[in-house]
Amino acid sequence: MEDLLIKTIEQLKYPIFRQGTLGTDEMYPETFFTFWNNGSDDGSHYNNRPNNYIWDFDLNVYSIEPEKPYELLLEAKEALIKENFIVGGNGYDIASDEPTHTGRGINVQYIE
C-alpha cells in the first residue's frame, strides 16, 4: 500500500519521503511530502482469519510558502480519493523542525 500512496503523491510533482528519513545534514526541499504508516490492522474476520486489512497513514506536506501546504494537501486528498483511499477531514497543523517551513497533515486509510 505504501507504493500506491507514494505513486499517487508523486503525481503532484513534489518529493515524498518517509517521515524522519531526511538526514540532519540534508537541506529540506522548498516543498515536500512525508508519510508514516501508523499500522495495518485486521479489518474483519471470517472463519477466524482476516478478511481485509486497514492501512493507516499520516501524510504531511511542508513548504517555505505558508499557503502551499493548505493547497497541496487538498490536491493530495483529491488524488488519494480517486485511488480509493479514505481521507478524513481537510487536515491539521504539523510542527516543523525547520523554522523556514510550515506543515500540514492529514490521516489517510486504505482498506485492502
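Residues numbered from 1 in each chain as written. Predicted model: local features only at pLDDT ≥ 70, side-chain atom pairs only at ≥ 80, totals over all residues. Heavy atoms only, no water.

## As for the side chain of His101
Next up, step 1: Following the sequence through the fold, His101 ends up in the loop between strand 6 (86-94) and strand 7 (102-111).
Next up, step 2: Polar side-chain contacts of His101 include one of 2.8 Å to the backbone oxygen of Pro29.
Next up, step 3: Those residues in contact with His101 that sit more than four places away from it in its chain are Tyr28, Pro29, Glu30, Phe32, Tyr62, Ser63, Ile64 and Ser96. (Helix = DSSP H or I, 4+ residues; strand = E, 2+ residues; numbered from the N terminus. Polar contact = N/O pair within 3.5 Å; in protein donor to acceptor, adjacent residues only side chain to side chain. Contact = heavy atoms within 4.5 Å.)

## Here we look at helix 2 (residues 68-82)
Next up, step 1: Taking 1.5 Å as the rise per residue, helix 2 with 15 residues should run 21 Å; its terminal C-alpha atoms sit 21 Å apart, in good agreement.
Next up, step 2: Along helix 2, the residues classified as buried are Lys68, Pro69, Leu72, Leu73, Ala76, Lys77, Ala79 and Leu80.
Next up, step 3: Taken from the residues just after helix 2, Asn84 is the one with a positive phi, measuring 75°. (Expected span 1.5 Å × (residues − 1). Buried < 20%, exposed > 50% of the residue type's maximum accessible area, 1.4 Å probe, protein only.)

## Some thoughts on the environment of Arg49
Next up, step 1: Turning to its location among the elements, Arg49 is positioned in strand 4 (residues 49-50).
Next up, step 2: Among the residues examined, Arg49 registers a relative accessible area of 60% and is labelled exposed.
Next up, step 3: Taking the C-alpha atoms as reference, Arg49 lies 30 Å from Thr8; in sequence the two are 41 residues apart.

## Considerations on helix 1 (residues 2-10)
Next up, step 1: Within the sequence span of helix 1, burial applies to Leu4, Leu5, Thr8 and Ile9. Buried residues of helix 1, seen end-on, are gathered within an arc of 125° and therefore sit on one face of the element. In helix 1, the exposed positions that point more than 90 degrees away from the buried face belong to Asp3 and Lys7.
Next up, step 2: At its buried positions, helix 1 is contacted by strand 1 (16-18), strand 2 (31-42), strand 5 (53-63), helix 2 and strand 7. (Arc of directions from axis to C-beta.)

## Thoughts on the pattern of salt bridges
Next up, step 1: Using the criterion set out here, one finds two salt bridges in the structure.
Next up, step 2: With a shortest N-O distance of 2.9 Å, Asp93 and Arg104 are connected by a salt bridge. Of this pair, Asp93 sits in strand 6 while Arg104 sits in strand 7, placing them 11 residues apart in sequence. (Salt bridge = Lys/Arg side-chain N within 4 Å of Asp/Glu carboxyl O.)

## Quick notes on the confidence of the model for the chain
Next up, step 1: For the chain, the average pLDDT comes to 92, and 99% of its residues sit at 70 or higher.
Next up, step 2: The secondary structure element of the chain with the lowest average pLDDT is strand 4, at 72, and the one with the highest is helix 2, at 97. (pLDDT = per-residue confidence, 0-100.)

## Digging into the nonpolar core
Next up, step 1: The biggest cluster of nonpolar side chains holds 20 residues, and the ones touching the most others in it are Leu5, Ile9, Phe33, Leu59, Leu80, Phe85 and Val108.
Next up, step 2: The set of elements that each furnish at least two residues to this core consists of helix 1, strand 2, strand 5, helix 2 and strand 7. (Core = buried A, V, L, I, M, F, W, Y, C linked by side-chain atoms within 4.5 Å.)

## Examining the packing of aromatic side chains
Next up, step 1: Overall, the coordinates contain five aromatic pairs when judged by the stated rule.
Next up, step 2: Between Tyr28 and Phe32, the ring centres sit 5.2 Å apart and the planes meet at 80°, which makes this aromatic pair edge-to-face.
Next up, step 3: Relative accessible area serves as the criterion here: at 21%, Tyr28 is assigned to the partly exposed category.
Next up, step 4: On the accessibility criterion, Phe32 (2% relative accessible area) is buried. (Phe/Tyr/Trp six-rings, centres within 6.5 Å; stacked < 30°, edge-to-face > 60°.)

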